[in-house]
Amino acid sequence: MKKYYLVAVLFYFCLSGCINFNPNKEKNSEDNVEDTEVVTDPNDDAAMENSNHLKFKGVPIDGKLKEFVSRMKRKNFKSLGNEDGVEILQGEFAGYKECVIYVSTLDNKDLVSQISVEFPDQDTWEYLYGDYKNLKGLLTEKYGQPSEVTEKFQEEFIEDDNERIHAVEMDMCKYETRFKTDKGEIILWIEHESTMSCFVALCYKDRINDGIIKDIEKDDL
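The model shown is predicted, which means the values in this text are computed figures rather than measured ones.

Basis of the calculations
- Residues numbered from 1 in each chain as written.
- Predicted model: local features only at pLDDT ≥ 70, side-chain atom pairs only at ≥ 80, totals over all residues.
- Heavy atoms only, no water.
- Helix = DSSP H or I, 4+ residues; strand = E, 2+ residues; numbered from the N terminus.
- Buried < 20%, exposed > 50% of the residue type's maximum accessible area, 1.4 Å probe, protein only.
- Pairing = 2+ DSSP bridges.
- Axes fitted to C-alpha atoms, helices over the stretch in contact; angles between N-to-C directions.
- Contact = heavy atoms within 4.5 Å.

### Some points on unusual backbone geometry
Item 1. Although it is not a glycine, Lys-57 sits at a positive phi angle of roughly 55 degrees.
Item 2. One can find Lys-57 in the loop between β1 (55–56) and β2 (59–60).
Item 3. Notably, Ala-94 is not glycine yet its phi reads approximately 55 degrees, a positive angle.
Item 4. Classification of Ala-94 as partly exposed rests on a relative accessible area of 31%.

Rendered as structure tokens:
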């Protein structure tokens, strides 16, 4: 698994079947299911439903880290551990198996404020762009038209898909779509870790708790 590269990137940005545009890269997810019983909690479900925070998989991006992780486990995600205060989960999201989820809290405060998703690697532009286009379409259906879209290559002349995936690997491609809602911001983009790892990433930033971050920063001035 990647060395949590997406965490650093996100700080910079401060259906029965599962979708997989590359049929040769489908993985067996049976080993990703924790051998624990999922306990339902109707009262907590009602509290989540009534929350004013931006939601991820129906779970409000709010509360203590332990509470959020517990709720995500009820959604069949499993914990992969904690790296520098960022909880790492794995599970199925938006029809994609083996997504890696990064749960971030406010600095020096046990309050969940941001969720990041790393979708499976793709090794061709066709499948990488297929993931991006599919997710962009789903987000548009749910949240409306994007507030900002940037989709371009630095090279003026890109003739084929081999050159496109190479541009991604060389950090010469910027495909990013932003959605703003009354509860927060959602950012979708194409990312790479190395020439061997290209993937689509997604970030959810809660408006209320993001505002707390800004208030803390103002207090420092």
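### Side note on the environment of Met-72
Item 1. By secondary structure assignment, the location of Met-72 is in helix α3 (residues 65–74).
Item 2. Overall, the relative accessible area of 0% leaves Met-72 in the buried class.

### Thoughts on the sheet that holds strand β6 (residues 112–118)
Item 1. Spatially, β3-β4-β5-β6-β10-β9-β8-β7 is the arrangement adopted by the eight strands of the open sheet, whose pairing is antiparallel. Here the strands that pair on one side only, and so sit at the sheet edges, are β3 (78–83) and β7 (148–153). Taking each pair of neighbouring strands and ignoring which way they run, the sheet shows an average axis angle of 20 degrees.
Item 2. By the bridge criterion, six bridges tie strand β8 (residues 173–181) to strand β9 (residues 184–194) in an arrangement that is antiparallel. Each bridged residue has a counterpart across the sheet, and for Phe-179 the counterpart in β9 is Ile-186.
Item 3. Here α3 sits on the sheet and contacts β3, β4 (86–93), β5 (96–105) and β6; the angle it forms with β4, its principal contact strand, is near 15 degrees.
Item 4. Where helix α4 (residues 125–143) meets the sheet, it contacts β5, β7, β8, β9 and β10 (197–206), and its direction lies at approximately 15 degrees from that of β8.

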